[in-house]
Structure formats: C-alpha cells, structure tokens
Amino acid sequence: MCAVCGCGQARIAGAHGHEHEHEHEHRQDRELEHRHGHDHDHRHHHDHAHAPDGALDYGAGLAGVHAPGLSQQRIVRIERDILSKNDAFARENRAAFARDRIFALNFVSSPGSGKTSLLVKTIEALKSRLEVSVIEGDQQTSNDAERIRATGARAIQINTGKGCHLDAHMVGHAAQTLAPAPGSVLFIENVGNLVCPAAFDLGEAHKIVVLSVTEGEDKPIKYPDMFAAADLMLLNKSDLLPHLDFDVGACLAHALRVNPRLQTLTVSARTGEGLAAFVAWIEASAARLGAGAKAPA
Amino acid sequence: MHEMSLTESVVEIAVDAARRNGAGRVSRIWVEVGALSHVEPEALAFCFEAVAAGTLAQGARLEIERIAGSGWCLDCETTVPLAERFGACPKCGRFRVRMTAGDEMRIREMEID
C-alpha cells in the first residue's frame, strides 16, 4: 500500500486493481524528459533503494548537544515540508499536463454547491469546441461520474473512502487511466469539503472555488484558506437570489479580503446565467496555456 | 481529517530518512506547525500513534513546536503579530497584511537509535 495518500482506501472506478509497480514504471517511461529537474523523491516511495536527499546526519557526536542525555541516539536533520511528497506528485502531474497541453482545473466547494450540475452545463457548452474529460472525487458512489458521462464526456471516479480530499498521487493515477487527449481540458471535481482540499496541490492550472448563494455570504471569511488558494470564484445558484437575503456585494468583499487577486463570476447552472462568461474564461485561459481547439470530427 | 494524510507524510518521510541512515527505530520526531497553518496539532498528535504503528517510527514521540503567526502590514510598513490567517493588523485594523510566518508545516529533525 502506498502511504502517501493511503490509496489502499482510495478506489479508482474502472481501474483494474492497483498495480503500483507497473503504474510507476509506466509513469517513468513517460517522464523521460523530466528526469533532471526533480528531487526524485516522489519516484522512490515504494521501498526502492535511495540516494541521500540531502538529509544531514549530525551523528553521535552531536546528539548530546541537541538533546542532553541521549548518548546512544543520533539526531538526523530532515527539514522537509510535510506536504513535500504531495507537492512532488503535483509537480509531476503539472509537468505531464504541460507536456500534453492539458488545461487542468480543480473544482473545490462545500457539498451541495452545485459543482456537478455546473460541470455538466459547462461541458455541454464547451464540447463542440474543446474536448473535456473529468476526474470525479467523492467518498463513495460513482453517481457524479455517471452524470458527467451522460454528456458524452469521458469521466473517471475516484472514491476516497474515508479521505476528505483528493491528493496529487490519486489524481496522477486517475489521469493515467483516463488519458486525456493532448490539447484538451481536464476538470477535477474535488471532494465536497471547503477545508482540506485547499492544502493539496493536484498539479492543476487553477483552483476554482464554487460557492452557492444558499450558503451565506460570510463563507469566504469563515473558510478563508480555500478562497485564498483559488484563482476564480463562481458564485452559483444566482437564480435563487430573489428569494434570499444573500448580499452579493458583501460576499465578494469578503472573498477579496482574503484574496485580493481572486477573479469572480456570478453564475446559475439552472438558468445558464453567467455560463457564457465562464466558458469564455476557460477558453481564454486554455488558449494561453496552449491547449488547442478540438479537431474537427 | 486531512491531518491523517499529513501524519502519513510525516511518518513516511521520517521512515525513509531513518532507513537511509541505517536506523533500527525512530524515537522522536520534531515537527514545526505554524499557528496559521492548515494543521491542527491535536489532530496530528491523535493520528500519529495509529499511523506510526508497525513502522520504524512505532512508539516514537512526536514533538510539535508551534510557530507564532506574523505578517507585514503594508500600511504600517512593519512586522506585526497575526492571530489568525488573513486577520487584521493589530495596529491599524486594516487587512492589508501579508503573512510572513505561521504557515509552516515542516519536519525539522528526528532522533534515531
């Protein structure tokens, strides 16, 4: 079992078993041109032989200096970010996406904000011009992936089991199985959770936070990490605004307080309001990244 | 509960480093957790024992050092203490504070036998 993400718990629907050895060999083959720039730690998490990664051994002589009374023990300096493993996988994903000009978006929100409906509508608006595929993250069921597939887009479901977020390792496996076409758009729908997914880089180009107007305008300051990590906020379910006391201006002000560079769009998956602007945002951003237009059928 | 994944990362990084150093076991691990970071130290400590079981780090003590939050206030042009992420400057009350410390989630060092 891989201890990075506990992927003994995560299940990729449609993937046959979980052959780590194989999948990682495969990944290395695809990664030839990227062998140099990395610290390589992410390739070595399956008990391979290791080269020292710069960990300094202060040795027995210094043990007493560091922690008095510990004569038999040694202190080993590590100095690594706790998230360094995830970040290494994320870098690998990002490099793979860049190589294939895949424009990856990581959708995050609390449960019930309407992410999947929004994705379905967005795919329908985009699919004549851009190829879209989707990685769906949920604790259980493949309902969301089925809803996406009904649009004709390809989708793969990751069930995280007890996990509260997708991590870069799971997404790397899912992306290999899904194999998005070069020049296409990849939507990653994260587990509905406004806290944990903020910390986990998946290798995406942008995090997009979806907030629905039924949730309260102070969400951005109650859960600031997610709004700080996102590049775009979609304020969804705008069709319900006439029935609510939701103050759009206050909500945007809260969001901009935690992230002054956040872009915002007000949308409704139900009526289609604002979707044209969102689709234009995707196309412009994808074009900037070099993701190409769909080849004529 | 993303602390579970973070704890798994801590244990894995420590066990990797322990193996490289030919250690028989890990007895203590020092981690630095910023007061403004994504980690709840109590949850980290809670998860650690379970995650470390059956590894070289089984039974190790997890020493969690809190690092206070601070930031640079663009208006006061000075470093100020920050009690919460994206909080206001305690001097001027405005929110133009850029976090400079308190975001840490690092494994600093460990003791091996």
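Residues numbered from 1 in each chain as written. Chains lettered and ligands numbered in written order. Predicted model: local features only at pLDDT ≥ 70, side-chain atom pairs only at ≥ 80, totals over all residues.

Visitor: Tell me about the overall build of chain A, and please be specific about residues and values.
Guide: Along the backbone of chain A there are ten helices and ten strands. Every one of the 297 residues in chain A was classed for burial, and the buried ones make up 44%. Within chain A, counting contacts between residues at least 6 apart in sequence, those at least 24 apart form 73% of the total. (Helix = DSSP H or I, 4+ residues; strand = E, 2+ residues; numbered from the N terminus. Buried ≥ 20, exposed ≤ 12 C-beta atoms within 10 Å, placed from the backbone. Contact = placed C-beta atoms within 7 Å.)

Visitor: Summarise unusual backbone geometry; cite the residues concerned and give the values.
Guide: Notably, Thr141 of chain A is not glycine yet its phi reads approximately 70°, a positive angle. When you line up the elements, Thr141 of chain A lands in the loop between strand E5 (132–138) and helix H5 (143–149). A positive phi angle, close to 60°, is found at Phe86 of chain B, a residue other than glycine. Mapping Phe86 of chain B onto the fold places it in the loop between strand E4 (78–81) and strand E5 (97–101).

Visitor: Run through the sheet that holds E4 of chain B, naming residues and quoting values.
Guide: Residues and elements named next belong to chain B. As summarised here, the arrangement of the three strands in space is E4-E3-E5, forming an open sheet in which the pairing is antiparallel. The open sheet is flanked by E4 and E5, the only strands paired with a single partner. This sheet shows a mean twist of 40° between the axes of neighbouring strands, independent of strand direction. As paired elements, strand E3 (residues 70–73) and E4 share four bridges and run antiparallel to each other. Bridge pairing in E4 links Ser70 to Pro81. (Pairing = 2+ DSSP bridges. Axes fitted to C-alpha atoms, helices over the stretch in contact; angles between N-to-C directions.)

Visitor: If you had to explain the nonpolar core to someone new, which residues and values would you point to?
Guide: The biggest cluster of nonpolar side chains holds 99 residues, and the ones touching the most others in it are Ile188 of chain A together with Ala14, Val26 and Ile29 of chain B. If one sorts the elements of this core by residue count, helix H1 (residues 3–20) of chain B sits on top with nine residues. Every residue in contact with Ile188 of chain A, bar those within four places of it in the chain, is listed here: Ala104, Leu105, Asn106, Phe107, Ile135, Leu166, Val171, Leu202 and Glu204 of chain A. Judged by nonpolar contacts, the second largest core, of six residues, contains Leu36, Cys73, Leu82 and Cys89 of chain B. (Core = buried A, V, L, I, M, F, W, Y, C linked by C-beta atoms within 7 Å.)

Visitor: I'd love a proper account of the confidence of the model for chain A, names of residues and values included.
Guide: All names here are of chain A. Residues with a pLDDT of 70 or more make up 73% of chain A, whose mean pLDDT is 81. Taken as a whole, residues 1–9 scores under 50 in pLDDT and shows 28 contacts with residues more than four places along the chain or in a different chain. Overall, residues 16–71 carries pLDDT values under 50, and its contacts beyond four positions in sequence, including any with other chains, amount to 61 contacts. (pLDDT = per-residue confidence, 0-100.)

Visitor: Quick rundown of the pairing of strand E6 (residues 154–159) of chain A? Include the residues and the values.
Guide: All names here are of chain A. Counting buried positions along E6 gives five out of six residues, so the element sits mostly inside the fold. Examined bridge by bridge, E5 and E6 share six bridges and lie parallel to one another. Looking at the pairing, Val134 lines up with Ala155 of E6. For the segment spanning E5, H5 and E6, crossover handedness is right-handed. (Right-handed = clockwise from strand over helix to strand, strands pointing away.)

Visitor: Explain helix H2 (residues 41–52) of chain B residue by residue, including any values.
Guide: All names here are of chain B. If you check H2, its first and last C-alpha atoms are 16 Å apart, about what twelve residues at 1.5 Å a residue would give, namely 16 Å. Within H2, the full set of buried residues consists of Leu44, Cys47, Phe48, Val51 and Ala52. Seen from one end, H2 has its buried residues packed into an arc of 125°, which puts them on one side. Exposed residues lying more than 90 degrees from the buried face of H2 are Glu42 and Ala50. On its buried side, H2 packs onto H1, strand E1 (26–34) and strand E2 (61–67). Taken from the residues just after H2, Gly54 is the one with a positive phi, measuring 85°. (Expected span 1.5 Å × (residues − 1). Arc of directions from axis to C-beta.)

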